[in-house]
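# Overview (structure and organization)
Residue strings, one per chain:
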Amino acid sequence: MLQNRWMALLLLTVTVGTAAQPDLIESEHAQKTLEIYRTIVEVDTSKTKGNTLRVAKYLGDELVAAGFASEDVRVIPKDDFGVLIATYRGDGSSGKKPILLLGHLDVVEALQEDWVRPPFELTQDDVNFYARGTIDNKFGVAQLTSTMIRLKKEGFVPDRDLILAFSGDEESGMITTRMMAYEMPELVEAEYALNSDSGGGSLTADGRAIDYSLQAAEKTFATWEITVRNPGGHSSRPRDDNAIYELASGIKAIEAHRFPVMWSEMTLSYFQQVGDKLGGELGDAMVRFAYDPEDEEAAARLRTEPSYVGTTRTTCVVTMLEAGHAENALPQSATATVNCRIFPGVSVADIEAELRSVVGNPEAEFVL
């Protein structure tokens, strides 16, 4: 009953995730959610700004103002980051361990010059809100916080403790994540966790609900720096070999490479059910893949969808480049940063071996 009610409230809050009609945000709960959402989105919490502590304090103050005991709301600094741990006390009648509700306060860096809209100002059109972190993960953080506020104000008492746990540097070094995992046993001992940074709802173009999914597994995150070296020289005396050219060949090989299609009972069930509800070309491909994951045409169609490609295979993509030191000098090194999201059950070592084979340069250095 507790879980059903909590999920129902969370689903109601999803309407704030699309910039829809004014009547969708008239309730006190929706207005509070939007207020929290706007406030935290408009704080730049990328890794060099040191602002996650500020956001953690703001959210903690909101929870205390709603009736949470101050001793149940902990704002914890860790290096340049901040963590929020807030416990919604239950009556213990279920005899069960707490439920952990996860999110993260930080965002990836955003350069103003690369954006059409201001990255740290919440703007909207008739369909969506726009800014850095509007989905990942400040939407989830706002939903969880405002739902806890609503439940507290309504006098709801859960039959076990609920713990909000917001980390401060999920997008970078994960220092706070390790602190939470290794230094806070009360979090690890929770019966299970619901992660607002995954799952989520899907709507059709006309607003019809398709699904609301929960995270059941997570892909491994791994990043390599691949470096090619060269003796270099002056640009007026070019060599046949060139670190940038050799690295570029490896990059193009990575671009063209397709990791093998993979699946589990869980992913096949997901595609079958979502495909049935979605319909159309994409829905048909989902259903076909669910019944025959070796259907190459269906798998290829899913690969073209950024939202679903990661559910069918490991992905690796070049995200950064660094090469040379002067415009009139031949490069002595060239480095590509390759970020991989590895299908559950596949080892990091196996992916590195496959990348080495794809790059095809025995002299290339791989640093994880």
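Residues numbered from 1 in each chain as written. Predicted model: local features only at pLDDT ≥ 70, side-chain atom pairs only at ≥ 80, totals over all residues. Heavy atoms only, no water.

## Overview of the pattern of salt bridges
Put simply, the rule is: Just to be clear on terms, a salt bridge is a Lys or Arg side-chain nitrogen sitting within 4 Å of an Asp or Glu carboxyl oxygen. A run of DSSP states H or I qualifies as a helix once it reaches four residues; a run of E qualifies as a strand once it reaches two. Both are numbered from the N-terminal end.
On inspection of all chains with the given rule, the structure shows 18 salt bridges. For the salt bridge of lysine 32 with glutamate 62, the shortest nitrogen-to-oxygen distance reads 2.6 Å. Taken together, the residues lysine 32 in helix H2 (residues 28-41) and glutamate 62 in helix H3 (residues 52-65) connect sequence positions 30 residues apart. Its salt-bridge partner being lysine 47, residue glutamate 109 comes within 3.9 Å of it at the nearest N-O pair. Of this pair, glutamate 109 sits in the loop between strand S3 (99-104) and strand S4 (123-124) while lysine 47 sits in the loop between H2 and H3, and the two are 62 residues apart along the sequence. Each of Asp284, Arg288, Asp295 and Glu297 takes part in salt bridges that share partners, so that together they form one network.

## Focus on the state of the cysteines
Under the convention used in this document: Criterion for a disulfide: a pair of cysteine sulfur atoms within 2.5 Å. We call a residue buried when its accessible area falls under 20% of the maximum for its residue type, exposed when it is over 50%, and partly exposed in between, using a 1.4 Å probe and counting protein chains only.
Across all of its chains, the model carries 1 disulfide by this definition. Cysteine 316 shares a disulfide with cysteine 340; S-S distance 2.0 Å. Between cysteine 316 and cysteine 340 the sulfur-sulfur dihedral comes to about 115°; the bridge is accordingly right-handed. Of the two residues, cysteine 316 is situated in strand S12 (residues 315-323) and cysteine 340 in strand S14 (residues 333-342); the sequence distance between them amounts to 24 residues. Accessibility classification places cysteine 316 together with cysteine 340 in one group, the buried group.

## Let's talk about the sheet that holds strand S2 (residues 81-88)
Where strands meet in a sheet, backbone hydrogen bonds hold them as pairs that are either parallel or antiparallel. We apply this condition: In short, DSSP must find at least two bridges between two strands for them to pair. Think of each axis as a best-fit line through the C-alpha atoms, taken over the contacting stretch in the case of a helix, with angles from 0 to 180 degrees between the N-to-C directions.
Ordered by their spatial adjacency, 5 strands build an open sheet running S1-S2-S6-S3-S7, and the pairing between neighbours is mixed. A single partner strand is all that each edge strand has here, and the edge strands are strand S1 (73-78) and strand S7 (192-195). Ignoring strand direction, the axes of neighbouring strands in this sheet form an average angle of 20°. By the bridge criterion, 6 bridges tie S3 to strand S6 (residues 162-167) in an arrangement that is parallel. Bridged to histidine 104 within S6 is serine 167.

## What about the confidence of the model for the protein?
Keep this limit in mind: Each residue carries a pLDDT value, the predictor's own confidence for that position, ranging from 0 to 100. We call two residues contacting when some pair of their heavy atoms lies within 4.5 Å.
Confidence in the prediction for the protein averages 92 pLDDT; 93% of positions are at 70 or higher. Low pLDDT, under 50, characterises residues 1-22; the stretch is placed with 54 contacts to residues that sit more than four places away or in other chains.

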